[in-house]
Amino acid sequence: MSSASTVRFTKMHGAGNDFVVLDNRDGSLDLQPALIKRLSDRHFGVGADQVLVVEKAQSSDNDFRYRIFNADGHEVQQCGNGARCFAQYVVDKGLTDKSSIRVETIPGVIEPQIIRHNWVKVNMGPASFEPSALPFVADGLSMRKFGGLVQYKLPVDAGLADQDLWVSVVSMGNPHVVILLDQPASDDLVQTLGSTLESHPRFPEHVNVGFLSVVDRSRAHLRVYERGVGETLACGTGACAAAVAGMKMGLLSDQVDMVKAGGTLTIEWSGNPDSDVLMTGPAQTVFEGEFYL
């Protein structure tokens, strides 16, 4: 139980994407950016890529409300690895006896399902390829079709030999830009191009940057530079965005293993524009404690 001077927390991770999880069903926590930053700090706090918050559902049709804060203190719309940890958390804490739950997020309701202990499938809802869904300002940019996917020629200034970059944009309830590479991205490319694109003026709300390299039709490598965080060991929505982009390009099958430094996530999508994207992967508790304010 939290008090005026302490905050109870659970540290979890999904394929290395790590989280501090808080129970705020009673609404007692003051979720100011300063608190989020302190909890997330890896030297002076608990350390996490994001802080996840459990709240009461606003509709009787749903089980919980799920809020996500990046390490920089900003609230964001969605986090796929966090959704799996969220589901495992509420089951582990006895907050529900259901194996499948309905969870409210900013962009809509998601439905995580416990497959087995520490292994969760999440219905992430449909993907959107419309620039306005991110948002992405596409006006005046050159376009081309790659398979069934529209790509945009984006001017960048990151010390690259080619100052124009063909990119794919995908919304999974949060914004993603996907860069297709012939081989896995280098550390320098992820840091340099990732930071440049994350704050590119064409993405007014900033963007998560995915670097995709295809192994074969059922397997691909991915590195993601997350907005407000930097590179993470895994990004669930990033894996979904990169997978559906690769599927639309005709490079990947309708079920693919997305390999990241922290582990592998399995993404399924029928290719129908209205169909939901399914993501399956690990969700594990690391430790619990109290954080002194």
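To be clear, the structure that these remarks concern was listed above.
Here we summarise the structure given alongside this text. Residue indices follow the written sequence of each chain, beginning from 1 at its first position. Per-residue local features of the predicted model are confined to residues with pLDDT of at least 70, and side-chain atom pairs are confined, for both listing and counting, to 80 or more; whole-chain, interface and lining totals are unaffected and use all residues. In computing side-chain values, all of the structure's heavy atoms are included and hydrogens and water are not.

### Observations regarding the overall build of the protein
Going along the chain from the N terminus, every DSSP run of H or I of four or more residues is numbered as a helix, and every run of E of two or more is numbered as a strand. Counting its regular elements, the protein contains 4 helices and 19 strands. By principal-axis analysis of the C-alpha atoms, the protein measures approximately 55 × 35 × 30 Å. The classification of residues rests on relative accessible area computed with a 1.4 Å probe and restricted to protein chains. Under 20% of the type maximum is buried, over 50% is exposed, and intermediate values are partly exposed. Expressed as a percentage of the 293 residues in the protein, the buried residues total 52%. Contacts: residue pairs with any heavy atoms within 4.5 Å of one another. Residue pairs at least 24 apart in sequence account for 62% of intrachain contacts in the protein once pairs closer than 6 positions are excluded. Computed with the Shrake-Rupley method and a 1.4 Å probe, the accessible areas treat only the protein chains shown as cover for residues. Total accessible area on the protein is roughly 12,500 Å²; 47% of this is exposed by carbon and sulfur atoms. Measuring between centres, the 25 positive side-chain charges of the protein sit 2 Å from its 35 negative side-chain charges. This count recognises Lys and Arg as positive and Asp and Glu as negative, with His and chain-terminal groups excluded. To locate a charge, take atom NZ for lysine, CZ for arginine, CG for aspartate or CD for glutamate.

### Overview of the environment of E205
Here E205 lies in the loop between α3 (187-198) and β13 (208-216). Since its relative accessible area comes to 44%, E205 is described here as partly exposed. Here the alpha-carbon distance between E205 and F291, two residues 86 residues apart in the chain, equals 31 Å. Not counting residues within four places of it along the chain, the set of residues in contact with E205 comprises Q77, L134, P135 and R227.

### Section: helix α4 (residues 236-249)
Between its first and last C-alpha atoms α4 spans 20 Å; for 14 residues at 1.5 Å apiece the expected length is 20 Å, and the two agree. In terms of burial, α4 is largely enclosed, as 13 of its 14 residues are buried. Downstream of α4 by a residue or two, G250 has a phi angle that is positive, lying close to 90°. Given a helix with a known number of residues, its expected span is that number minus one, times 1.5 Å.

### Brief notes about the pairing of strand β9 (residues 143-146)
Where β9 meets strand β10 (residues 149-155), 4 bridges bridge the pair, whose relative direction is antiparallel. Bridge pairing links M143 to Y152 in β10. Strands pair, by our definition, only if DSSP identifies at least two bridges between them. Between β9 and β10, which pair antiparallel in sequence order, lie 2 residues; one of them, G147, sits at a positive phi of approximately 60°.

### What about α3?
In an α-helix, one turn spans 3.6 residues, which is why side chains three or four residues apart end up on the same side. Its 12 residues give α3 an end-to-end C-alpha distance of 16 Å, which sits within 8% of 16 Å, the value for a rise of 1.5 Å per residue. Within α3 the residues assigned to the buried category are V190, L193, G194, T196, L197 and E198. In this fold, the buried residues of α3 make contact with β10, β11 (164-171), β12 (175-181), β13, β14 (219-226) and β15 (230-232).

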